[in-house]
Structures are given as C-alpha cells and as structure tokens.
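Chain by chain, the residues run as shown.
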Amino acid sequence: MSGPRRGGKGTAPAALGLPAASALVIGSIIGTGVFALPSALAPYGPISLVAFGVVTLGALALALTFGALAKRSPASGGPYVYAREAFGEFAGFLNAWSYWITAWAGNAAIVVAWVGYVEVFVNTGHDKWFSVLLALVGLWIPAAINLTGVRNTGAFQVVTTVLKFVPLVFMATVGLLFIDPDNFGSFNASGQSALGAISAAGAIALFSYLGLEAASVVAGRVREPGRNVPRATVYGTLVCAVIYILGTLAVFGTVSHGELGGSTAPFTDAANNILGGAWAGDLVAVAAIVSGIGALNGWTMLCAEMPYAAARDGLFPRAFTRLRGDGDVPAFGIVASTVLASLITIFSYTRFQDVFTKIVLLSVLTAVIPYLFSAAAQLYWLLVRGGDRPDPRRLARDVTVAALALAFSYWSIQGSGYQTVYYGLFVLLLGVPVYIWLKRGQATEERAAATGTTTGAVPATDAVAATEPVTATGTVPATDSMAATEAVTAIEAVTGTEAVTGTEAVTGTGAEAAPASPDRAPETPPPASRPTLTPRTRRTGTLRRLYDPRRHD
C-alpha cells in the first residue's frame, strides 16, 4: 500500500497564486455557516459575542502557527504533514483521518445552512424531502466544478468570494447604524454560568473559522508556498475576523432575540428590518447562496487534497492517489467525500431537529484535533529542534503563540459537550483498524518483494544464506557490499584476524584462497549453485544480514 515517500508533496502543477490562495482561505472560512451562525448563537444571548471575541483570538493564534509551519514544510497536506514530521506516521494518519471527516461532515453542515437560504425562494413550506433534494444538488455542483481541474476551481473561488462580501460588508457597516439595544435581550440567556455559556457558544463560533488552514492543505498547488501560504492564511483570517464580529453584532441588534432564535436566514431578516420590504432580504439570500456554493467548492477541494497527500505516503487507501485529466484532479477523493457528505446530510434531516448545530459540533471537534497536533508540532520544533536559535525574543514570541493555539484547541474540545466528544472520539478511533489494515498491506508487499525469486545479479547476502541457490556470476549491490565490508573491517580490527568475505568464499578468489599443491590431488569444487560454508563464511554472512540496509528501514 505504500506510495512514493516524498513528504506529502503532490505532483500536480502549482496553479494558485496569492490572490487565489487568499480567496481559498476566505472562501473556505466564510461559507453559509456565518449566515446561519447568529441563529445558532441566539440561545446563549449577547454573551456569545464575548465567546466570538475569544474564538477570534484563538483563530489568529492558529493562523500564525499555520503560517510558521507552512514556511518549514511547504507541502500539500497541512496538519497531516506537520504531525507526521514531528510525531511519526501514526500521528500523521490520525490527523489526516480526523481532518478528512471534518471536511465532508463540514460540507454537510454548510449545505444545510445553504438550503435555508435557497428556501427563501423555493420550498417555503420546508418539506423535508424537498430540502434533502436541494441539499444534494448543493453538494454535487461544487464536486462537478472540482472535477474540471484546479484552475477552474480557483477561478470560481475568486468570483464567489467577491460576491459573498457584499451582504457581509453591508451588515458590518450600514447595519451597525440601525442597532436597537432592546433586540439584544438577556445578556446570558442560556441559564448556564458565564464561563459555561462562553465555552459552549465558543465551540459553535469556532465553526465559522474552520478553513483558516486551507492554503496549507493545498500548499503543493500554490506558487511559492513558503511565501504565499503564510500570507494568505494570516491575511484571510484577519479579514474574516473583522467581518464576522461586526456583522454578527449588527444582526443581534437588528433582529429581536425571540425572532432570531427561530430564523433560518437571520441575515435576510436583518436586511428586511433595516431597509423594509422583502427585496433587501432577497438580495442577501442570493449572496448567501453564492457564498455557500463558493465555500462548498473550496471544502470539496480540501476533502480530496488531505487524503491524497496521506495516500501518497502510504497512510491512506491507495485509491485516493488516483488522478484524472490534464489537471491531475484527485477524482476518487472528491467523489468519495461527496458521497459521504450526502449520506450524513440525509441521515441528519431524518434524525435531528437542530440539524445545523449537531453537525457543526461534530465538525468542530474533528477539526480541533488536527489544530491541536499542529500547535504541538510547532512547539516541538521550537523547543526540541529549534531551541538553540540565536534570537531569544523571536523564540519566546513563537512559543507563546503556539502555546495559545494549543490551549485554545483544548478549550474548544471542552466546550463541544460530552455527547459531541463521545461521538467524535468514536469516529476518530474508527481510523485505528484502517491504519492497521494499511500497515498490514505494506508489510505484505515488503515481504513479497524481499522473498521474491531474483534472476541475474544476486546480492551477496542471499549467496551466503546457504538456503537459496545462487548463480556463479552473481554480483553484490554497492550498498550491501559497503555495509558488509565495514562490518567485516570492524571485526578484523577487534579480533586481529582476517575475515573472509562471503563473495571470496563462493568464488575462491579471496586473499586466503589455498594454492594448488603438487603432493595433493585437487579437491572437486562444490557446485556453483551451492557454495561451501566455513565458520568464517557463516559468520560473515550473518554480519551481512545484520548490516543489510533493507533490514533497517
């Protein structure tokens, strides 16, 4: 099951510049989630705005951390690559597995919110199965766009990012002028303690920032990734933070608390209250629909890129490495992830009352795990591998930012709730049998390659094994010969005796080859296919097998 071991670097051409990479970050962060978020936060009251502020600081710490990691490892895979390089293959696999779940489950949450805005125009009665049909259409349109190639995906992302900013900027500027304090309601409407309400609301608010790592996940497709990926990550997160906080504040202040909790399109309701009539809300709904398609377009790309990078390293099923067309599109990953998103969407519509919130919390938990490992990887490189850097102030700054990102990740897990953590941990641990299956496949292939029948040139290690036939003209590979020679030289230095190499014992050309004696009839040489073994050749063969580089992979 192993693939080329190239650190997650893809073979696809780098087609994304800084504008497209920034649009991918902004487009992945700002989806339909932000358009539905005020309704999800309404049960907690205005205290959720405090939670939003805390989450924003944590998101900025994560963005800075991802930017620093992208400079060190500018390869596709993002959190997967960082965890694997710092903590080994199993940690890398768990991150790839968890992030992959985040991507397709997050698409299900995005499309649920997207349907809410589509139903401003159609299915206004909210028939369940009609809603499911709309959701499936919303999932498969971006999948079709991604299958046409990364250039088309990037261009579509830029267009939708520009269009989605219109209602958000309007609400974050003009909307602030129409705030009515009476609409806010009770500061803490949750009935919990202030800390509990902030933690619970923060876990939901974090969903709005999922995608800040998008540029690092597709770094292999970005031109000059060491320079452009960090800039796109930090700048994109800052822009989204300003829009988010001001826009959510305006919605809280222009829609009454009671109305907001039951709204499926809160930004539409806010626009209608500000400008009067339905036309303003309809324009906002159109922008939200475009925004949702753009977010689904970016996340569908991420659904395929992370497992593609892991599969190239043998840490995800090989099917995810299949590329299609001139643009090297990871078609299997796109289709498989969209199928899973479709299934969980159907399941959620038939089982959950609060569909959006349930899927959001699961997506947040599975996303926070890669975030946590990425922050830990940054601390590992700073304190274990880079603690001797000459600039102590820069080291202290980077360690502080990474520690804040790590603490924020733990806090987000705690705020997700017991039920979400239970389901999230269960889904995460489902990856353990998959990892065992992958490693078993690798071991089987390696054993088959090691014990396969060889023809022509035969390594000396096989010639002296005394159990397999060899040819008389077998040659020794350079790597095996050098390793064995170094080992024999070391024995000679210790024992003071001359060791005979396995090749000399087979060919009879060594320094200790016995001269012919006139008083003694020559012995019949053994067949070339069955070399004579002496204690020294057995010992030398053992050394060769011990120092065979293939046995130390």
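Residues numbered from 1 in each chain as written. Predicted model: local features only at pLDDT ≥ 70, side-chain atom pairs only at ≥ 80, totals over all residues. Heavy atoms only, no water.

Trainee: Would you mind going over the environment of serine 363 with me for this structure?
Mentor: With respect to the secondary-structure elements, serine 363 resides in helix α15 (residues 355-385). With 159 residues separating them in the primary sequence, serine 363 and isoleucine 204 have C-alpha atoms 9.8 Å apart. The residues contacting serine 363, other than those within four sequence positions of it, are Thr102, Ala105, Gly106, Phe207 and Leu210. (Helix = DSSP H or I, 4+ residues; strand = E, 2+ residues; numbered from the N terminus. Contact = heavy atoms within 4.5 Å.)

Trainee: Just to check I follow, could you spell out empty space enclosed by the protein for this structure?
Mentor: In this approach, a probe sized like a water molecule rolls over the atoms, and the result shows the empty space that is left. For the coordinates displayed, the defined rule picks out three cavities of 30 Å³ or more. Its volume calculated, the largest cavity comes out at about 100 Å³. Along the walls of the largest cavity sit 12 residues, with Ser28, Ile29, Ile110, Phe207 and Leu210 positioned nearest its centre. Taken together, the elements giving at least two residues each to the lining of the largest cavity come down to α1 (18-29), α2 (33-41) and α5 (89-118). Its residues assigned to classes, the lining of the largest cavity shows seven nonpolar, five polar and no charged. In this structure, the second largest cavity occupies an estimated 80 Å³ of space. Broken down by secondary-structure element, the contributors of at least two residues to the lining of the second largest cavity are α7 (150-173) and α13 (279-312). A per-class count over the lining of the second largest cavity returns six nonpolar, four polar and three charged. (1 Å grid on protein atoms, 1.4 Å probe; cavity = no way out; pocket = protein on both sides within 12 Å on 5 of 7 lines; lining within 4 Å. Points joined across faces, edges and corners; volume = space filled by probe spheres on them. Nonpolar A, V, L, I, M, F, W, Y, C, P; charged D, E, K, R; others polar.)

Trainee: What am I meant to see in the packing of aromatic side chains here?
Mentor: To describe a pair of aromatic rings, one takes the distance between the centres and the angle between the planes. In total, this model carries 22 aromatic pairs according to the counting rule given. A centroid spacing of 6.1 Å and a plane angle of 25 degrees characterise the contact between phenylalanine 93 and tryptophan 97, whose relative ring orientation is stacked. Taken together, the residues phenylalanine 93 and tryptophan 97, both in helix α5 and four residues apart, mark about one turn of the helix. On the basis of an interplanar angle of 85 degrees and a centroid distance of 5.6 Å, the ring pair of tryptophan 100 and phenylalanine 320 is categorised as edge-to-face. Taken together, the residues span a long stretch of sequence, with tryptophan 100 in helix α5 and phenylalanine 320 in the loop between α13 and α14 (331-351) at a distance of 220 residues. In this structure, tryptophan 100 and phenylalanine 320 share a single accessibility class: buried. (Phe/Tyr/Trp six-rings, centres within 6.5 Å; stacked < 30°, edge-to-face > 60°. Buried < 20%, exposed > 50% of the residue type's maximum accessible area, 1.4 Å probe, protein only.)

Trainee: Can you help me understand the pattern of salt bridges in this one?
Mentor: A side chain with one charge may pair with a side chain of the opposite charge, provided their charged atoms come close. One pass over the structure, following the stated rule, counts five salt bridges. For glutamate 89, the salt bridge identified is with lysine 439, shortest N-O distance 2.7 Å. Of this pair, glutamate 89 sits in helix α5 while lysine 439 sits in helix α18 (residues 431-451), and the two are 350 residues apart along the sequence. Glutamate 305 is the salt-bridge partner of arginine 221, the closest N and O atoms lying 2.4 Å from each other. Pair noted here: arginine 221 is in the loop between α9 (214-217) and α10 (225-254) and glutamate 305 is in helix α13, with a separation of 84 residues, a long-range link. As far as burial versus exposure is concerned, arginine 221 and glutamate 305 are alike and both buried. (Salt bridge = Lys/Arg side-chain N within 4 Å of Asp/Glu carboxyl O.)

Trainee: Just to check I follow, could you spell out a nonpolar patch on the surface for this structure?
Mentor: There is a patch of nonpolar side chains on the surface, built from Phe121, Val122, Phe130, Leu133, Val137, Ile141 and Val286 and spanning about 560 Å² of accessible area. Top contributing element to the nonpolar patch by residue count: helix α6 (residues 128-147), with four residues. Secondary-structure assignment places valine 137 in helix α6. (Patch = residues over 30% accessible without salt bridge, like charges linked within 9 Å, V, L, I, M, F, W, Y side chains within 5 Å. Areas by Shrake-Rupley, 256 points an atom, 1.4 Å probe, with all protein chains shown as cover.)

Trainee: Is there a simple way to explain the packing of α6 against α13 in this structure?
Mentor: Packed helix pairs are specified by the crossing angle of their axes together with the interaxial distance, meaning the distance between the axes. Running from amino to carboxyl end, α6 crosses α13 at an angle of 55 degrees, the nearest separation of the two axes being 8 Å. Relative to α13, the element α6 lies oblique. Helix-helix and strand crossings are classified by hand; for α6 and α13 the assignment is right-handed. From α6, Gly138, Leu139, Pro142, Ala143, Ile145 and Asn146 reach across to α13, where they touch Ile293, Leu296, Asn297, Thr300 and Met301. Partitioning the contact of α6 with α13 into residue classes produces seven nonpolar, four polar and no charged. (Axes fitted to C-alpha atoms, helices over the stretch in contact; angles between N-to-C directions. Parallel < 35°, antiparallel > 145°, perpendicular 65-115°, else oblique. Left-handed = near helix turned anticlockwise from the far one by under 90°.)

Read these as layout, nothing more, since geometry by itself doesn't imply function.
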